[in-house]
Amino acid sequence: MVGKYKLNNIYNEDSYIAIKNIPDKSLDLVIIDPPYELETHGGSHSQLAKQIQSQHKELYENNLHIGVDNKILEQLCLKMKNINICIFCNKKQLIQYLNFFTEKGCLFDIITWHKQNAIPNYSGKYMSDTEYCLVFRKNKPMNKESENYDDRKTWWIEPINSTDKSLYGHPTIKPLELVKKLIRNHSQENDIVADFFLGSGTTCVAAKELNRRYIGFEIDPKYFKIAKDRLNGINANGQTSIFTDFEKIGEWEMKIRLLAFDSKMVNLAIFIEC
Ligand SMILES: C[S@@+](CC[C@H](N)C(=O)[O-])C[C@H]1O[C@@H](n2cnc3c(N)ncnc32)[C@H](O)[C@@H]1O
């Protein structure tokens with residue numbers, strides 16, 4: 001338990017309220033991906049502008065554009081044993097987070113996620129093809145056991161994850177492997193990993209796969225259900241994930257499934273699953 005909450009569980013609650021029920025100095029690692037403050041993209045009527053506007057509409061409709069209040073960052077600092085936090089953000093929020101945590105005397109790193117398939121932008125701006133994950137720690141060394149060349153790189157290159165996006169129905173889902181790398185680097189087995197803006201549950205799925213204890217909060221019932229199902233190996237279409245039952249299937253069958261996924265024939269993979 002952490003306070004009134006059971007570990008290895010997630011809750012459909014507002015984090016700004018729930019966090020008050022978490023005891024001080026109880027969490028080993030926090031990974032959060034709070035709603036991003038959106039940059040504006042003018043009122044152009046070009047095809048590309050319309051594509052960006054429609055993406056933004058989805059974010060506005062789901063309240064995924066409002067940023068985060070420093071009040072919850074203050075609370076989070078109290079709840080961690082030592083400050084040890086990874087925060088996904090866009091360019092606009094870098095300054096808020098850097099100011100907040102460096103004033104507390106934290107060391108920081110900036111991990112970048114470069115998306116090779118971002119929507120082009122020819123309106124006098126750079127493309128929105130990079131997201132950031134800021135890592136802040138104080139009196140908390142990185143995990144020596146996870147020391148390997150790839151895990152210590154500060155960059156991640158992966159296209160926008162449209163397969164996971166359609167499998168788990170969240171517009172801003174983060175790459176599972178990137179989150180697993182953060183967990184390996186900044187925690188040890190059995191540590192408590194918490195996420196207060198859970199979305200489709202990526203942090204908790206990653207923690208579970210790496211034998212960490214986890215707890216998560218998501219305010220929107222629709223995303224909460226997606227996260228809950230995902231943790232039980234069920235995707236947004238109601239189908240059981242092929243990655244939950246390795247032992248039960250033969251090697252040949254697994255190869256066909258992976259081939260189908262590799263060649264983006266997700267429907268075939270799902271069909272084989274059924
Ligand atoms: C950017 S998304 C997280 C996506 C997630 N990293 C993933 O991979 O699916 C932010 C999530 O925080 C949730 N959220 C926003 N405000 C919240 C609050 N006060 N308490 C709990 N969840 C909140 C939103 O509903 C949204 O699903």
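Counting restarts for each chain: residues are numbered from 1 in the order of the written sequence. Local features in a predicted model are, by the rule used here, given only for residues with pLDDT of at least 70; side-chain atom pairs are given and counted only at 80 or more, and totals for whole chains, interfaces and linings are based on all residues.

A.B. asks: I'm lost on the overall build of the protein chain in this one. Help?
C.D. replies: From N to C terminus, the protein chain includes ten helices and eight strands. Each residue is classed by its C-beta neighbour count within 10 Å, where at least 20 other C-beta atoms makes it buried, 12 or fewer makes it exposed, and intermediate counts make it partly exposed; the C-beta atoms are placed from backbone geometry. Scored against the burial criterion, the 274 residues of the protein chain give a buried share of 30%. What counts as a contact here is a pair of residues whose C-beta atoms, placed from the backbone, lie within 7 Å. Across the protein chain, the fraction of contacts at a sequence separation of at least 24, relative to all contacts at a separation of at least 6, is 69%. Helical segments are the DSSP runs of H or I of at least four residues, strand segments are the runs of E of at least two, and each set is numbered from the N terminus.

A.B. asks: Even after reading the chapter, I still don't get the site of the ligand, so can you show me in this structure?
C.D. replies: Contact assignment follows one rule, namely that a residue is near a molecule or strand if its backbone-placed C-beta atom lies within 6 Å of it. Taken together, 21 residues surround the ligand, and among them Asp-33, Phe-197, Gly-199, Ser-200 and Thr-202 come closest. All residues other than Ala, Val, Leu, Ile, Met, Phe, Trp, Tyr, Cys, Pro, Asp, Glu, Lys and Arg, Gly among them, are scored as polar; the first ten of these are nonpolar and the last four charged. Class assignment for the residues of the shell around the ligand results in ten nonpolar, six polar and five charged.

A.B. asks: How should I be thinking about the nonpolar core in this particular structure?
C.D. replies: Proteins that are soluble and globular tend to have nonpolar side chains buried together. Counting residues in each nonpolar core, the largest one holds 49 residues, and the members touching the most others are Val-30, Ile-31, Ile-87, Val-193, Cys-204 and Ala-227. Setting aside anything within four residues of it in sequence, one finds Val-30 in contact with Leu-76, Met-80, Ile-85 and Ala-194. By definition, a nonpolar core groups buried Ala, Val, Leu, Ile, Met, Phe, Trp, Tyr and Cys residues that connect through C-beta atoms lying within 7 Å of each other.

A.B. asks: Would you mind showing me how to read the sheet that holds strand 8 (residues 213–217) here?
C.D. replies: We call two strands paired when DSSP finds no fewer than two bridges between them. Spatially, eight strands are ordered 1-8-7-2-3-5-4-6 in an open sheet, and the strand pairing comes out mixed. Two strands in the sheet have a free side with no partner beyond their single neighbour: strand 1 (9–11) and strand 6 (155–157). Strand-to-strand twist across the sheet, computed as the mean angle between neighbouring axes with direction ignored, equals 15°. Along the sheet, helix 6 (residues 176–186) makes contact with strand 2 (29–32), strand 3 (84–89), strand 4 (107–114), strand 5 (130–137), strand 6 and strand 7 (192–195), crossing strand 2 at roughly 160°. Only C-alpha atoms enter the line fits that serve as axes; for helices the fit covers just the stretch in contact. Angles between N-to-C directions range over 0 to 180 degrees. The strands touched by helix 7 (residues 202–209) are strand 1, strand 2, strand 7 and strand 8; relative to strand 8, the strand with the most contacts, the crossing angle is about 170°.

A.B. asks: What's the story with the packing of helix 6 against helix 7 in this structure? I'm lost.
C.D. replies: Angle between the axes and distance between the axes are the two parameters that describe a pair of packed helices. Running from N to C, helix 6 and helix 7 point in directions that differ by 60°, and their axes come no closer than 9 Å. Taken together, the axes of helix 6 and helix 7 lie oblique to each other. The handedness of the crossing between helix 6 and helix 7 is right-handed. In this structure, helix 6 uses Leu-176, Val-179, Lys-180 and Ile-183 to contact helix 7, whose residues at the interface are Thr-202, Thr-203, Val-205, Ala-206, Ala-207 and Glu-209. A breakdown of the residues in the contact of helix 6 with helix 7 according to their chemical character gives six nonpolar, two polar and two charged. When describing relative orientation, an angle under 35 degrees is termed roughly parallel and one over 145 degrees roughly antiparallel, while 65 to 115 degrees is termed roughly perpendicular and anything else oblique. Note on convention: the crossing is left-handed when the near helix lies turned anticlockwise from the far helix by less than a right angle, right-handed when the turn is clockwise.

A.B. asks: In this structure, what is going on with the environment of Trp-155? I would like to understand it.
C.D. replies: Mapped onto the elements, Trp-155 comes out in strand 6. You can call Trp-155 exposed: it has 10 C-beta atoms within 10 Å. For the pair Trp-155 and Cys-133, spaced 22 residues apart in sequence, the C-alpha to C-alpha distance is 9.7 Å. If sequence neighbours within four positions are ignored, Trp-155 has contacts with Thr-112 and His-114.

A.B. asks: What should I look at first to understand the environment of Lys-181 in this one?
C.D. replies: One can find Lys-181 in helix 6. Residue class for Lys-181 comes out buried when judged on the 21 C-beta atoms lying within 10 Å of it. The spacing of Lys-181 and Ala-206 is 25 residues in sequence and 9.0 Å in space, taken between C-alpha atoms.

A.B. asks: Where do I start with unusual backbone geometry in this structure?
C.D. replies: Negative phi values dominate among residues other than glycine, just as trans dominates among peptide bonds. The phi torsion at Asn-190 lies on the positive side, around 75°, for a residue other than glycine. With respect to the secondary-structure elements, Asn-190 resides in the loop between helix 6 and strand 7. In this structure, Asn-211 is a non-glycine residue whose phi angle is positive, near 60°. Classification of Asn-211 by C-beta neighbours within 10 Å gives exposed; the count is 11.

A.B. asks: Can you help me understand the packing of helix 7 against helix 8 (residues 221–231) in this one?
C.D. replies: Across the interface, helix 7 lies against helix 8 with an axial gap of 9 Å and an inter-helix angle of 15°. The pairing of helix 7 with helix 8 is recorded here as roughly parallel in orientation. As for the relative orientation of helix 7 and helix 8, their crossing is right-handed in sense. For the pair helix 7 and helix 8, the contacting residues are Cys-204, Val-205 and Lys-208 in the first and Ala-227, Arg-230 and Leu-231 in the second. Looking at the contact of helix 7 with helix 8 residue by residue, the class counts come to four nonpolar, no polar and two charged.

A.B. asks: Quick question: what am I supposed to make of the pairing of strand 4 here?
C.D. replies: For a regular strand, side-chain orientation follows a simple rule: the groups alternate between the two sheet faces. Across eight bridges, strand 4 lies against strand 5 in antiparallel orientation. Paired with Leu-107 across the strands is Arg-137, a residue of strand 5. Bridge count for strand 4 against strand 6 is three bridges, and the pairing is parallel. By the bridge assignment, His-114 is partnered in strand 6 with Ile-157.

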